[in-house]
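# Per-entry structural report
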Amino acid sequence: MLTLSGDEPDDGEHYRDFLETLSFLYGRANGPEIAKTLGREMREFRGFLHALPGARSEAIAARHTVEQRLRKVMARTERVASTIARDSMVSEPPMAITIQPTDLWQAAAVSDVARALDAPEITEYWKSAPYLLNFMRDYALKRLLKDNIDKPAPNLREALARARPAMLDHGRLDTYEPLEPANGRMRGVMDDMFGDGLDQHLWIPPSLAYYGPDRQGPPLTKALIFSSWSMVPDAIAAILSYEAERRMGVGAAGQRYFGHVRPRPIQFRQDQGRLVAMRAMHLVYPSPTLARLADPLAIFAAHPDTLSVDSMRKAVGERLRESVEALTARSGNIADGRDWEWAAPAVIDAMADANSVAWVDSPYGFAMLGNEEGFKEHVAELRTVATDREFGPVPETLIDLLVDVALGSPAVCALRALRRVAPDLAWDDHRLLKAANQIAWGFRTLFNQHDAVALLRKDDDDRYWRRVLTYGVEHNLQAVLDEYVHYLVDAEGLGARPSAERIAGISKAISEALAIRPSQIDVEDPTVDGKKLVINKFQMRGRFAMRLADYKDEEGGAARLGSVRDAFNSPFRPFALATTSVGQEGLDFHPYCYRVYHWNLPGNPVDLEQREGRVHRFKGHAIRLNLAHRQIDVVRGRVTIPDDPWKIMFDAARAETEVDTDLIPYWIYEGPVKVERRVPMLPFSREVRRLEWLKRSLTVYRLAFGQPRQEDLLEYLHSLLGADTAAEDLIDLQIRLEP
C-alpha cells in the first residue's frame, strides 16, 4: 500500500483505506477504536523513523507494538527473507540498447508531421514505439490528422510525403522483406527473443527433458512486457509476430503475408473416393498399447544418465520389437505392405485385446470426435483392422515409424500425460481415449497454422504427417505435456475432482489453448491523395506475440482477454504478451514466463513489484526449472515408474526444507534460474536514474506501510541511505507479519 503525489485519484488514498480495512477486520464493536489506537501508534513509529539513526532502538520497540496489533487480523510472508541473498529470487540482466540512424530519422520525420499539425511533442512516443504514424490509436496526433483530412495544409502534405519511409510499407510486408525495428527498445527485445531462437519453436521446451542434449545457455521462457502507452502493445504484437513468421520461412515458402490461400496439410478428406490422410491418423489416434509399452518417462527413470535422442529411440524400439514381430501373423499374400504404415498401431491394439477397438468401432466413439467431412470414412477404414483383414509383408522400416508414433504422436503423448494424473483409469478407458483425442485435435489446429507448416517443411520435404511426428520426438513432446498437465491440475482446481472430471477439464483447457488463432491488429496508413489526406487501414497478425485484450481473428471470430491469458499460460504460443496496466494486478502469467520487460518504468515501487509478481507465483516457470535442476535424481534411476514426476519432485523438495513455510518450494526455490527484470532503457535517458530510485525504494517503501504522507517519509529514508545508514539497518525496521 503506497500513495505518491503523482498517482491517479481513482487509485485511492492508502492511509485512509488501510485504517478502514483494519476497522472492518476487528469488527463493528471494537474496530473504530482500535483503528484510532493503531493510527496513534503508527504516528509514533513514524516519529522515531524521522529521528533515525539516533532513535533506532525506540523505532524497533514501536515497530514491535504495531506488529502485535496487526498480526491479530493480518498475515503476510515476504519472499525477501526466504532467499539466501535477500533478492526475492529476482535478477536484473543488463540490456544493451542501441540507437541507430534509422531511429533518429523516424523521429525527425514524425516530428515534422507533428509540427505541421501543431501537435504536442512526440519525443516520449518515439522513445516507446516505432512506426508511430501506423499505430496512433486515438492519440492527439491522429485526432489532428483526422481534423485535416479534407484540407491539409501544404506543409502537412509535404511532411507526410517525406515521412513515407518512416511508415510500414504494405508491399514490402506482403513479400516478407526484413523489417527494421526502428526503435531501441524494440531492437533490444527482438535481439533477446530471436537471439534465443524462440521463433524456431512451437512450444517452450520442458523444464525436465526425458532425453536429448544438455541445455546450452539460459532456458527459453516467454516474455511479459509492460508499457505505459496503449499503442505499444499493438506495435510489439504486430512487429514481433511478423518477424517470427519471416524467420520461420513463410515467405521463403512462396506465401504472401496478405494472401488468403494458405496450406492446411492435415485434412481428413477424400479425393475421388480415395482416403488421403490415413497415415495422418497417427496424430489423432491414441493407441493405448503404444502408450503403455513405450513410455519415455519409464526409460528415463530406469537410467542414471539422460539418454540422447537416438539412444531413446533405440530403447523405445526394443520395447516395441515383440509387438512388431507379432504383426507377421497378419501378413498374407498381398505384395504391397504400405498399408502397415497407417494400420500398425490399431492392429497392435487389436492383438492386445485393448478396449480401444470397441471405441473405434462404436458409432458414438472415435468417429464422433472429428467434425471434418471425410473423417468418419477414415475411421471406418481403421475399423477394418479389427477383422481378419490381411496385409502385406511387414516393412523393415515399420519399427522406426512406430517409435516416432510412440514418442511424437500428440494423441499418444496426451494419453500418457492424462493417465499420470488419473492412474486409477485403465489405459484403454474410453474417457481417457476421448480426452487424449480432444487434445490431439487441438494440435492439429496448431500444425495447420501456416507458420508451423513453413517451419516444419523448411528443411525437409518429407510427408508432412511424418514431420509432425519427428518434430514431437525432437522437441520432447511427452515431457512438455506431462509438465503442462501437472500445472493444470492446480490451475483449474481439479485436484480433488474424480479422475474422469479431472481429465475432461484438462483436455478442454489444453485444446482451447492450442486452438487460439492469430489476432488482427489495425494498422493505419496515412497518405496524401492529391490535395486530400486519406487514412487507409490494413491488418497485421499477432500470434508469436499478442496484446492482452479482446480481439477478432482472421475469420471474424471473437476471442476474449481470458483466452489470450490462458494461451500465454500454456507452453504454446504466444511467446510474448504485451500489456498496459490492465495486466499489472490480479492476473497471473507465471506458468511459462520468468522474464518481465519494463518497456516503460512505472511510477512507484509498488507497481514495479506488482508487475514482477505476475510471473513470481505458485509453481512458476523459474520454480519448476530450479526444481528439475535440483531434484532430477528423485525421478531418474527409479525402479518403478512415477505416476506424476512433478509431484514427486515437489514432495522431495518440501521434505528437504528446513524452514516451516509453504513458500518453499512452491513460491521460492532457489537455483540457477531467477525471475528476470529487464529494462530496455535508452542510453542517457532519465529512466536510468528513475530505475535506481525505484530499486532503492523497494528497500525502504515497506517502512511507509500504513503511514500518511508516504512520499515525505520515503524521501527522508532515501536521504539516509549511503550516509550513516545501510540498507540492512532499514530492513530490520520493517513491519513483519509472518504467521
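Look a little higher up for the structure.
Report on the accompanying structure. On a predicted model such as this, the values are computed, not experimentally measured, just so you know.

Each helix and strand counted, the protein chain has 31 helices and 12 strands in total. Scaling as 2.2 N^0.38, a compact globule of 739 residues should have a C-alpha radius of gyration of about 27 Å, and the protein chain matches this with 30 Å. Principal-axis analysis of the C-alpha atoms gives the protein chain an extent of 95 × 75 × 45 Å. With 739 residues in all, the protein chain has 57% of them scored as buried. In the protein chain, once contacts between residues fewer than 6 apart in sequence are set aside, the share between residues at least 24 apart is 78%. Total accessible area on the protein chain stands at roughly 31500 Å², and carbon and sulfur atoms take up 49% of it.

So, on to the sheet that holds strand β7 (residues 545–547). On the basis of which strands lie adjacent, the open sheet formed by six strands has the order β1-β12-β11-β2-β10-β7 and parallel pairing. The open sheet terminates on both sides in strands that have one partner only, identified here as β1 (90–91) and β7. Relative to strand β11 (residues 593–598), strand β2 (residues 222–226) runs parallel, the two sharing five bridges. Directly across from K222, in β11, lies its bridge partner C593. Packing of helix α24 (residues 561–568) onto the sheet brings it into contact with β2, β7, β10 (576–579) and β11, and relative to β2 it is tilted by some 140 degrees.

Attention now goes to the environment of A414. Its place among the elements puts A414 in helix α18 (residues 410–420). A relative accessible area of 1% places A414 in the buried class. Along the chain, A414 and K151 lie 263 residues apart, while their C-alpha atoms are 62 Å from each other. Once you skip the residues sitting within four places of it in the chain, A414 turns out to touch A436, I439 and L481.

All right, on to the environment of T384 then. Take T384: it is sitting in the loop between α16 (375–383) and α17 (398–408). Separated by 327 residues in sequence, T384 and S57 have C-alpha atoms that sit 85 Å apart. Residues contacting T384, with those up to four places away along its chain left out, are W342 and R389. At a separation of 2.6 Å, a polar atom in the side chain of T384 contacts the main-chain carbonyl oxygen of E381.

Glancing now at the pattern of salt bridges. Counting across every chain of the model gives 49 salt bridges. The salt bridge partner of E524 is K142, with a shortest N-O separation of 2.4 Å. Of this pair, E524 sits in strand β5 (residues 519–529) while K142 sits in helix α6 (residues 140–147), placing them 382 residues apart in sequence. In this structure, D336 and R338 form a salt bridge, with 2.8 Å as the shortest nitrogen-oxygen distance. We classify D336 as partly exposed; its relative accessible area is 34%. Given a relative accessible area of 54%, R338 falls into the exposed group. Salt bridges sharing partners connect three or more residues here, namely E92, E612, R677, E692 and K695.

Moving on, we get to the nonpolar core. Ranked by size, the top nonpolar core spans 188 residues in total, and within it W203, L240, F366, F443 and F447 carry the most contacts. Excluding its chain neighbours within four sequence positions, the residues that come into contact with F443 are W203, P410, L477, L481, L514 and F572.

Since there are 3.6 residues in each turn of an α-helix, residues three or four apart along the chain are aligned in direction. If you check helix α3 (residues 56–70), its first and last C-alpha atoms are 21 Å apart, about what 15 residues at 1.5 Å a residue would give, namely 21 Å. Those residues of α3 that sit buried are A59, A62, R63, V66, E67 and L70. Taken down its axis, α3 places every buried residue within 145 degrees of arc, on the same side.

Moving on, we come to unusual backbone geometry. R573 connects to P574 through a cis peptide bond whose omega is 10 degrees. Relative to the assigned elements, P574 resides in the loop between α24 and β10. Cis geometry is adopted by the peptide bond preceding P665, which originates at I664 and carries an omega value of 10 degrees. Tracing the backbone through its elements, the reader meets P665 in helix α28 (residues 663–666). Phi angles above zero are rare outside glycine, and D118 is one such case at about 55 degrees. Among the structural elements, D118 can be located in the loop between α4 (101–116) and α5 (123–128). Among the residues examined, D118 registers a relative accessible area of 70% and is labelled exposed. A positive phi is found at F684, a non-glycine position, where the angle reads about 65 degrees. With respect to the helices, strands and loops of the structure, F684 is situated in the loop between β12 (675–678) and α29 (686–700).

Now for the packing of aromatic side chains. Within a pair of aromatic rings, the relevant descriptors are the distance that separates the centres and the angle that separates the planes. As enumerated under the stated definition, the model contains 33 aromatic pairs in all. Taken together, a centroid distance of 5.2 Å and an interplanar angle of 75 degrees make the contact between W203 and Y471 edge-to-face. Of the two residues, W203 is situated in the loop between α9 (184–195) and β2 and Y471 in helix α21 (residues 464–474); the sequence distance between them amounts to 268 residues. Accessibility assignment for this pair places W203 and Y471 in one class, buried. Measuring from centroid to centroid gives 4.7 Å for W340 and F391, while their planes differ by 40 degrees, and the two rings are tilted. With a gap of 51 residues between them, W340 in helix α14 (residues 340–351) and F391 in the loop between α16 and α17 connect regions that are remote in the sequence. Residue classification places W340 among the buried residues on the basis of a relative accessible area of 0%. The exposure class assigned to F391 is buried, which follows from its relative accessible area of 2%. Ring pairing ties together the aromatic residues W203, F443, F447, Y471, Y484, Y487, F572 and Y592, which thus form one cluster. Over the ring of Y257 we find R541, and its NZ or CZ is 4.1 Å from the ring centre.

Axis separation between helix α2 (residues 31–50) and α3 bottoms out at 9 Å; the angle between their running directions is 155 degrees. Taken as axis vectors, α2 and α3 run roughly antiparallel relative to one another. The handedness of the crossing between α2 and α3 is left-handed. Counting all contacts with α2, which are made through I34, T37, L38, E41, M42, F45, F48 and L49, the residues of α3 involved are E58, A59, A62, R63, T65, V66, R69 and L70.

Axis separation between helix α26 (residues 621–635) and helix α27 (residues 645–656) bottoms out at 9 Å; the angle between their running directions is 90 degrees. In terms of orientation, α26 lies roughly perpendicular with respect to α27. Contact residues: α26 offers I623, R624, L627, A628, Q631, I632, V634 and V635, while α27 offers P645, W646, I648, M649, F650, A652, A653 and E656. Residues that form the contact of α26 with α27 fall into these classes: 13 nonpolar, one polar and two charged.

Right, let's talk about the pairing of β5 for a bit. Of the strand pairs in this sheet, β5 and strand β6 (residues 532–542) are connected by 11 bridges, and their pairing is antiparallel. Bridge assignment links T527 to a residue of β6, and that residue is V534. Adjacent in sequence and paired antiparallel, β5 and β6 are bridged by two residues, among which G530 carries a positive phi angle near 65 degrees.

Reading the values: the criteria
- Residues numbered from 1 in each chain as written.
- Predicted model: local features only at pLDDT ≥ 70, side-chain atom pairs only at ≥ 80, totals over all residues.
- Heavy atoms only, no water.
- Helix = DSSP H or I, 4+ residues; strand = E, 2+ residues; numbered from the N terminus.
- Rg over C-alpha atoms; globule rule 2.2 N^0.38 Å.
- Buried < 20%, exposed > 50% of the residue type's maximum accessible area, 1.4 Å probe, protein only.
- Contact = heavy atoms within 4.5 Å.
- Areas by Shrake-Rupley, 256 points an atom, 1.4 Å probe, with all protein chains shown as cover.
- Pairing = 2+ DSSP bridges.
- Axes fitted to C-alpha atoms, helices over the stretch in contact; angles between N-to-C directions.
- Polar contact = N/O pair within 3.5 Å; in protein donor to acceptor, adjacent residues only side chain to side chain.
- Salt bridge = Lys/Arg side-chain N within 4 Å of Asp/Glu carboxyl O.
- Core = buried A, V, L, I, M, F, W, Y, C linked by side-chain atoms within 4.5 Å.
- Expected span 1.5 Å × (residues − 1).
- Arc of directions from axis to C-beta.
- Phe/Tyr/Trp six-rings, centres within 6.5 Å; stacked < 30°, edge-to-face > 60°.
- Lys NZ or Arg CZ within 6 Å of the ring centre and 35° of its normal.
- Parallel < 35°, antiparallel > 145°, perpendicular 65-115°, else oblique.
- Left-handed = near helix turned anticlockwise from the far one by under 90°.
- Nonpolar A, V, L, I, M, F, W, Y, C, P; charged D, E, K, R; others polar.

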